[in-house]
Structures are given as structure tokens and as C-alpha cells.
Amino acid sequence: MDSNKTFFIISLDNLMSMGKRLRATIYKINKTFSECDFMLCDTVNRFNIMMLDKNLSEKEATQIALQNGNDWLQNNQKILSELTIPSKIIRWNKWLEHEDFTSKLKIIETEYNNNLECKNAFDKTAKVFLSRRGVELESNLNQCIMYLQEECAVMLLWADYGYNFELYTSKRNHAMEYT
């Protein structure tokens, strides 16, 4: 694997993944790396969408999340075209369909269910997220934990790909740090 290959995590609602900030990141990527994969974290947001509208099924929320991802791609197409190095966009569903995803998720779920330190890290992260969003804790905690478990299982897949660098526009939460 190229020792100067990175991946960039795109959170659809993160201002660092849009407009001038995205353009500045693309500029830096072009100058620093020889290759970059963009991890478009779109369908993982189905959990958040279902928290906001309890009447939506997971399938309906996934369709909305996919459309949000399509919109992000369309809105940022011009900026993405400024890449001068080999790159690709990898949508979240690719990771969910990966042959090793289920085993990675099982690792995370087992750790959560059997390790108090892990459970505390995930629960703390979920509670902080829900309070920051002003969302009712009790009825949404499990959904938030499922989001985090899925996110961390995908992180394990990324580790298997041996990327040398990761670009992420936010601090790691407690669950991610634990993983």
C-alpha cells in the first residue's frame, strides 16, 4: 500500500466538510498525499433521522440519508473536481455490505455487552450527543448506541485497509477513542 495514502471522513452536517473549508482541505490533500479515499458517512445518519421522526421506518430513513449523501455530492462536485491526486468516494453502504462488517459489528457489540469500560464509553458518548441535540434521552439511547456500534465496526474495517493517515474534522468521541 502507498505510504502516503489517506482517507477523509465526510460528515454531511459538519461545516468543515463544505464550501471554503472543504476547498482548503482539498488543497492540503493535493499538496500532502498521493491518494485519498473519501468516506461519505451518509446512511449511518438513518439513526439520527429516525430519532427526529419516530414515524419513519429504517428503510425510509435510509432513503432520506442516501438522498442527503447525493445532495452533498452534487453540492460539492465542483470542489471535488479540484482534486489532482487519485481519489474515490466510498459511500457508507459499501461498508455495511462488506463481507467482514457483521463480524466487526459482533466484536463491538460483544465488547459493549461484556466490558464495563467499553459500555461506559459508548453510553457517555450517546448521552453527550443526545443532550447536545436536545433529544429525549431514554427513548433514543438505544438507537444512539446502535449508531455508535455501527460507526465503530466500520472503523475496524478501515483499520484493516492499512491507511497511513486519517483526516477527520472533529475530535474523536469516547466510543471512537475506546475502539
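Basis of the calculations
Residues numbered from 1 in each chain as written. Predicted model: local features only at pLDDT ≥ 70, side-chain atom pairs only at ≥ 80, totals over all residues. Heavy atoms only, no water. Helix = DSSP H or I, 4+ residues; strand = E, 2+ residues; numbered from the N terminus. Rg over C-alpha atoms; globule rule 2.2 N^0.38 Å. Buried < 20%, exposed > 50% of the residue type's maximum accessible area, 1.4 Å probe, protein only. Contact = heavy atoms within 4.5 Å. Right-handed = clockwise from strand over helix to strand, strands pointing away. Pairing = 2+ DSSP bridges. Axes fitted to C-alpha atoms, helices over the stretch in contact; angles between N-to-C directions. Parallel < 35°, antiparallel > 145°, perpendicular 65-115°, else oblique. Left-handed = near helix turned anticlockwise from the far one by under 90°. Nonpolar A, V, L, I, M, F, W, Y, C, P; charged D, E, K, R; others polar.

Novice: For this particular structure, what's the right way to read the overall build of the protein chain?
Specialist: Of regular secondary structure, the protein chain possesses nine helices and four strands. Ordered by position in the sequence, the α and β elements of the protein chain form the string β-α-β-α-α-α-β-α-α-α-α-β-α. Computed over its C-alpha atoms, the radius of gyration of the protein chain comes to 17 Å, within 12% of the 16 Å expected for a compact globule of 179 residues. Each of the three principal axes of the protein chain carries a C-alpha extent, and together these read 45 × 35 × 30 Å. Considering the protein chain as a whole, with its 179 residues, one finds that 44% of them fall into the buried category. Of the contacts formed within the protein chain by residues at least 6 apart in sequence, a portion of 75% connects residues at least 24 apart.

Novice: How do you make sense of the pairing of strand β1 (residues 5-11) when you look at a structure like this?
Specialist: Two faces, one strand: in a regular strand the side chains alternate between the faces of the sheet. Counting buried residues in β1 gives seven out of seven residues, a clear majority hidden from the surface. Alternating residues of β1 divide into Lys5, Phe7, Ile9 and Ser11 and Thr6, Phe8 and Ile10, and every residue in both groups is buried. For the handedness criterion, the β-α-β arrangement of β1, helix α1 (residues 19-32) and strand β2 (residues 35-41) is classed as right-handed. By the bridge criterion, three bridges tie β1 to strand β4 (residues 165-167) in an arrangement that is parallel. Opposite Phe7, over in β4, you have Glu166 as the bridge partner.

Novice: How should the packing of helix α7 (residues 116-133) against helix α8 (residues 137-160) be read in this particular structure?
Specialist: Between two packed helices, what matters for the description is the angle formed by their axes and the separation of those axes. With their axes 9 Å apart at the nearest point, α7 and α8 run at an angle of 120° to one another. Relative to α8, the element α7 lies oblique. Crossing handedness for the pair α7 and α8: right-handed. Every residue of α8 that contacts α7 at Phe122, Asp123, Thr125, Ala126, Lys127, Phe129 and Leu130 is listed here: Leu137, Asn140, Leu141, Cys144, Ile145, Leu148, Gln149 and Cys152. Partitioning the contact of α7 with α8 into residue classes produces 10 nonpolar, three polar and two charged.

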